[in-house]
Every structure is written in structure tokens, then in C-alpha cells.
Amino acid sequence: MNPIRYVDQMDLAGKRVLLRVDLNVPLRDGVVADDSRINAILPTVQYILDRGGMPILCSHLDRPGGKRVPEYSLRPVSVRLSELTGKKVDFVDECVGPKADQAAASLTSGSMLVLENLRFDPGEEANDDTFARSLASLADVYVDDAFANAHRAHASNVGVTKYFEAKAGGLLMKKELQALEGVLESPDRPLVVAIGGAKVSSKIATIEHLSEIADRLLLGGAMAFPFLRAQGIDVGDHRADGEAVQRAKRMLDQRPDALVLPQDFAVDDGGRREVDVDELPKDQNVLDIGPRTIDRFASELKAAGTIVWNGPMGKFEQEGFEVGTRMVAEAIARSPAFSLVGGGDTNAALDRFAARGGISYVSTGGGAFLEMLSGRELPAIKVLARQTINA
Ligand code: ADP
Ligand code: MG
């Protein structure tokens, strides 16, 4: 496979640049409530402007379901983008059609355009070819900086690419892929991976791939349940279902020394009660890892050469059950090893425990991050690679 090209290898002067970004920000009363996703793409926007290009930004926001939903308009985002860059930002309330054509054509050097929410049009999520062609017709070159969306094959990140000779990843895409590739292909060993969270079925493939490359795989949160079940320990949780248990069993057979399971937990009996793994009550929710497990995980993390973390170790939002997640977050933040952290709730935990500053790279991806870690090629990245290097 060709390596993908990035925007810093592109001729941008005088070019209209269709820039797919992730501006799926939370809005409150029509105002951007958290602008971290906007900040994440500013280096790419600035780079294009500095090189004389004219960015035409497109993004989805939330799930309007293929029709116009006024509260999911990207207009407030365009206002915030203008405040953050100090530049003129035009907005047009469609993404394809005569108004969008007109707005793109009248762009001048030094300014940019934000298109309306891509998902107001059913063609976006359907990867419709007519929609993709109209979108592509607005610009001369294409840049994809929406890593968090790269696991989805939509019109704006897959369909459009066949209409561009020059296409590249943005600077955020570059940072994300370089961090992930470094960890997956040439990690400083030992590579210690911590996986937790609640979505067992959506993470089991990721765990399978990581169990093949990690020196240690620490399993916390509800992710530990199928593995315990595979060892004959019933946690009384439906997430430890048949298929996940079978797959857990296979991993335990193949890498018995690499997998590290909790030895104790905290259960909810009206408050935090700590119990050994072989004394788990069936009628109480298992909501956190216990103190001996925390010590073991912390010492594994301390010895790591590279760390990957996704998924809280327990239900950290509930008082009394934040301990495991906080201790793991702090152990990772303290470690001098390269640390890569991703996931929506994991991100929230980093902020809650003020651990973000100690992390080498925090991914903006949730699903895309997990899919990369499961060793799969993401559809939006595959299409960027499909080109001659000098195009
Ligand atoms: P991420 O978004 O970082 O990928 P997930 O969505 O998989 O993480 O899981 C995060 C959620 O998992 C958190 O809201 C947390 O409360 C929950 N969780 C973790 N461990 C447990 C547990 N033992 N029981 C119930 N919920 C848990
Ligand atoms: Mg989540």
C-alpha cells in the first residue's frame, strides 16, 4: 500500500481546498459549548491559509438523519471558527447546490467557507455518488482531517476522493496516524495496553488484535467480565455473553502470560465494598477494580516502554467507584513511556482526574481509534492511499 500524502506535501497556492473536518461539537443554546474539536483542526486551516489556499470546510454535526434540523446547523461553529482564527469565515446553509457553488466561487485568498451540516443531506451517509460529485465540484484539491470519522465510508470522506487528483490527509490526521502506527508497528517494549469500558461486543476485536502484539494487556471495567467467565467465574453480568466468552477463552489459551485480569473488585452494596474475585456476589453490581488489582496494574504501567489506554476501569461517574480509573489515569500520566489514550469516556476521565497533561498523545477518535487498534484499514484512509505519490 502507498503511504498516504499529507497536506504539507501539497501545492495549495490559489487552490480551493475541500477540507473534511470533525466539527461535531456540543452546542448549548445555539453556542459552541466545547471548542476542542475546532482547536484540533486549526493547524490545518492555518497551514492552508498560509500557503495561499482557500479552505472549504465540511463536517457533520450530530445525527439529523438526512434532513434539515435547525438546531444542528454548523452556523454557530463558523462563528466560533472566525473568533478563534481572527479571519473572515463565510457560511452557506447548504453543502451542495447553487448557493454552495456561488459561495465557493466567490471565496478570495485569506478567507474560508463553512458548508452546512453534511448529514442534512441523505447522500452523505449513503455515500451517494451524485452528492459526492457535487461536493467535490466546489474545490480543486481535497484534504481529510477528520480522523474520528475515518472508520465510516461516507460521501465526504470516501465518495468524493475519486473526483480529486490531489488528495491528502490533514495535520491532525497525520498526528493521529503517526501516533497509532508508532505504537502498532514499532513500540518501545514492553508495550502495556489497558482496556476497560462497557461496550464488550464493540471492543472484543480490538482486544484480540492487541493481545497478539502487547506484552501485557490489562483488562478492567466490564471488559474483564467475559475473561472471568471463560475461567469459570460468573460475574452475573449479561455483557459476558456466549461469543465474547469463547473469544476470551481463545485469547487466554494463546497468551496466558500477557493477559492480566482483576484479582479483586468493588461492588455496590449501597456504597463501595471491596471483594476478592472468587467472592463476587451475584446480586450486586461490580463497578470498579479493587486495591490489589490497582497495585498490579500500576506496577505494570510503571514498567512500560509504551502505553495504550482505552476504557475506564469502572463506573467512574458514580461516587466511590472512580478509584480504579483515577489511579490508572495517574499511573499513565506519571509514566515517562510514550502513552496513547483514546475514547470518548476515557477522554472525559482524563479531564475529570486532571491527567491529560501527562499523556503523550490523546486521540480525537473513539470508533476510529478502536478500529485502528484492531488492525483494520479504515475506509477513508484506504482511499487516500490509492493514488500515485506524485499526483
Ligand atoms: P470509551 O468511550 O472511552 O471507549 P466505553 O464507552 O467503552 O469507553 O465505556 C465507558 C463507560 O463504561 C463509562 O461510562 C463507565 O461508567 C462504564 N463502565 C466501566 N466499567 C464498568 C462497570 N464495571 N460496570 C458498569 N459500567 C462500567
Ligand atoms: Mg464511550
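Residues numbered from 1 in each chain as written. Chains lettered and ligands numbered in written order. Predicted model: local features only at pLDDT ≥ 70, side-chain atom pairs only at ≥ 80, totals over all residues. Heavy atoms only, no water.

1. Section: the sheet that holds strand E6 (residues 112-115)
(1) Moving on: Within the open sheet, the six strands sit side by side as E5-E6-E4-E1-E7-E8. Their pairing is parallel. Either end of the sheet is taken by a strand with one partner, and the two such strands are strand E5 (89-92) and strand E8 (167-169). Going from strand to strand, the sheet's axes swing by 25° on average, the running direction of each strand aside.
(2) Moving on: In terms of strand pairing, strand E1 (residues 16-20) meets strand E4 (residues 54-58) through five bridges, oriented parallel. For Arg20, the partnering residue across the bridge sits in E4 and is Cys58.
(3) Moving on: Across the sheet, helix H2 (residues 75-85) lies against E4, E5 and E6, angled at about 175° from E5, the strand it touches most. (Pairing = 2+ DSSP bridges. Helix = DSSP H or I, 4+ residues; strand = E, 2+ residues; numbered from the N terminus. Axes fitted to C-alpha atoms, helices over the stretch in contact; angles between N-to-C directions. Contact = heavy atoms within 4.5 Å.)

2. Topic: helix H12 (residues 344-352)
(1) Moving on: If you check which residues of H12 are buried, you get Thr346, Asn347, Ala349 and Leu350. Buried positions in H12, seen along its axis, are confined to an arc of 160° and lie on one side of it.
(2) Moving on: As for H12, its buried residues are in contact with strand E15 (306-310), helix H11 (323-334), strand E16 (338-341) and strand E17 (361-362).
(3) Moving on: Ala354 occupies a position one or two residues after H12 and carries a positive phi of about 50°. (Buried < 20%, exposed > 50% of the residue type's maximum accessible area, 1.4 Å probe, protein only. Arc of directions from axis to C-beta.)

3. Quick word on the pairing of E4
Regular strands place side chains that alternate from one sheet face to the opposite one.
(1) Moving on: Counting buried residues in E4 gives five out of five residues, a clear majority hidden from the surface.
(2) Moving on: Direction of pairing for E4 relative to E6: parallel, over a ladder of two bridges. From the neighbouring strand, Ile56 faces E6, where its bridge partner is Leu113.

4. A short note on helix H5 (residues 129-136)
(1) Moving on: Of all the residues in H5, the buried ones are Phe131, Ala132, Leu135 and Ala136. Projected onto a plane normal to the axis of H5, the buried residues spread over an arc of 130° and lie on a single side.
(2) Moving on: Looking at the buried positions of H5, the neighbouring elements they touch are E1, E6 and helix H4 (122-125).

5. Quick notes on the sheet that holds strand E12 (residues 264-268)
(1) Moving on: If you walk across this open sheet you meet the three strands as E13-E12-E14, and the pairing is antiparallel. The two strands at the open ends of the sheet, each matched to only one other strand, are strand E13 (272-276) and strand E14 (286-289). On average, each strand axis in the sheet is inclined to that of its neighbour by 35°, with strand direction left out of account.
(2) Moving on: Where E12 lies against E13, five bridges are found, and the strand directions are antiparallel. Its bridge partner being in E13, Phe265 is matched across the sheet by Val275.
(3) Moving on: Its contacts with the sheet put helix H10 (residues 291-302) on E12, E13 and E14, and the angle it makes with E14 is roughly 40°.

6. A word on the domain arrangement of the chain
(1) Moving on: For the chain, the assigned domains read domain 1 (7-173) and domain 2 (188-373).
(2) Moving on: Taken together, the six residues of domain 1 in the interface contact nine residues of domain 2.
(3) Moving on: In total, about 570 Å² of surface goes out of reach between domain 1 and domain 2, with carbon and sulfur atoms giving 67% of it.
(4) Moving on: Looking at the side of domain 1 facing domain 2, the largest losses of area belong to Phe147, His151 and Leu172, adding up to 76% of the total buried there.
(5) Moving on: By residue class, the composition of the side of domain 1 that touches domain 2 is five nonpolar, one polar and no charged. (Domains from an automatic or database assignment. Buried area = accessible area lost by both parts, 1.4 Å probe. Nonpolar A, V, L, I, M, F, W, Y, C, P; charged D, E, K, R; others polar.)

7. Re the packing of aromatic side chains
(1) Moving on: Per the counting criterion, the structure on display carries three aromatic pairs.
(2) Moving on: With a centroid separation of 5.6 Å and 25° between ring planes, the pair formed by Tyr142 and Phe164 is classed as stacked. Of this pair, Tyr142 sits in strand E7 (residues 141-144) while Phe164 is found in the loop between E7 and E8, placing the two residues 22 residues apart along the sequence.
(3) Moving on: Given the relative accessible area of 0%, Tyr142 is considered buried.
(4) Moving on: Here Phe316 and Phe353 contribute two aromatic rings whose centre-to-centre distance is 6.1 Å and whose plane-to-plane angle is 65°, an arrangement assigned as edge-to-face. Here the residue Phe316 occupies a position in the loop between E15 and H11, and Phe353 occupies one in the loop between H12 and E17, the gap between them amounting to 37 residues. Take Phe316 and Phe353: they sit in the same class, and that class is buried.
(5) Moving on: Cation over ring: Arg51 sits above Tyr47, and NZ or CZ is 4.0 Å from the ring centre. (Phe/Tyr/Trp six-rings, centres within 6.5 Å; stacked < 30°, edge-to-face > 60°. Lys NZ or Arg CZ within 6 Å of the ring centre and 35° of its normal.)

8. Topic: the site of ligand 1
(1) Moving on: Near ligand 1 you find 19 residues, and of these Lys203, Val286, Glu317, Asp345 and Thr346 are the closest.
(2) Moving on: Within the contact set of ligand 1, a nitrogen atom lies 2.9 Å away from a backbone nitrogen or oxygen of Val286.
(3) Moving on: Between Gly344 and ligand 1, the recorded distance is 3.3 Å, taken from a backbone N or O atom to an oxygen atom.
(4) Moving on: The element best represented in the shell around ligand 1 is H12, accounting for three residues.
(5) Moving on: Of the residues contributing to the shell around ligand 1, the split by class is six nonpolar, seven polar and six charged. (Near = heavy atom within 4 Å. Polar contact = N/O pair within 3.5 Å; in protein donor to acceptor, adjacent residues only side chain to side chain.)

9. Quick word on the packing of helix H1 (residues 36-50) against H2
(1) Moving on: In contact at an axis separation of 11 Å, H1 and H2 are set at 55° when each is read in the N-to-C sense. On the basis of their axis angle, the class for H1 and H2 is oblique. With respect to the hand of their crossing, H1 and H2 are arranged in right-handed fashion. Packed against H1, whose contacting residues are Ile38, Asn39 and Leu42, the element H2 presents Val77, Arg80, Leu81, Leu84 and Thr85 at the interface.
(2) Moving on: Along the lines of polarity and charge, the residues of the contact of H1 with H2 split into five nonpolar, two polar and one charged. (Parallel < 35°, antiparallel > 145°, perpendicular 65-115°, else oblique. Left-handed = near helix turned anticlockwise from the far one by under 90°.)

10. Concerning the pattern of salt bridges
Side chains carrying opposite charge are able to pair once their charged atoms draw close together.
(1) Moving on: Per the counting criterion, the structure on display carries 22 salt bridges.
(2) Moving on: The residue Asp288 makes a salt bridge to Arg272 at a minimum N-O spacing of 2.8 Å. With a gap of 16 residues between them, Asp288 in strand E14 and Arg272 in strand E13 connect regions that are remote in the sequence.
(3) Moving on: For the salt bridge of Arg356 with Asp351, the shortest nitrogen-to-oxygen distance reads 2.8 Å.
(4) Moving on: A relative accessible area of 34% means that Arg356 is categorised as partly exposed. (Salt bridge = Lys/Arg side-chain N within 4 Å of Asp/Glu carboxyl O.)

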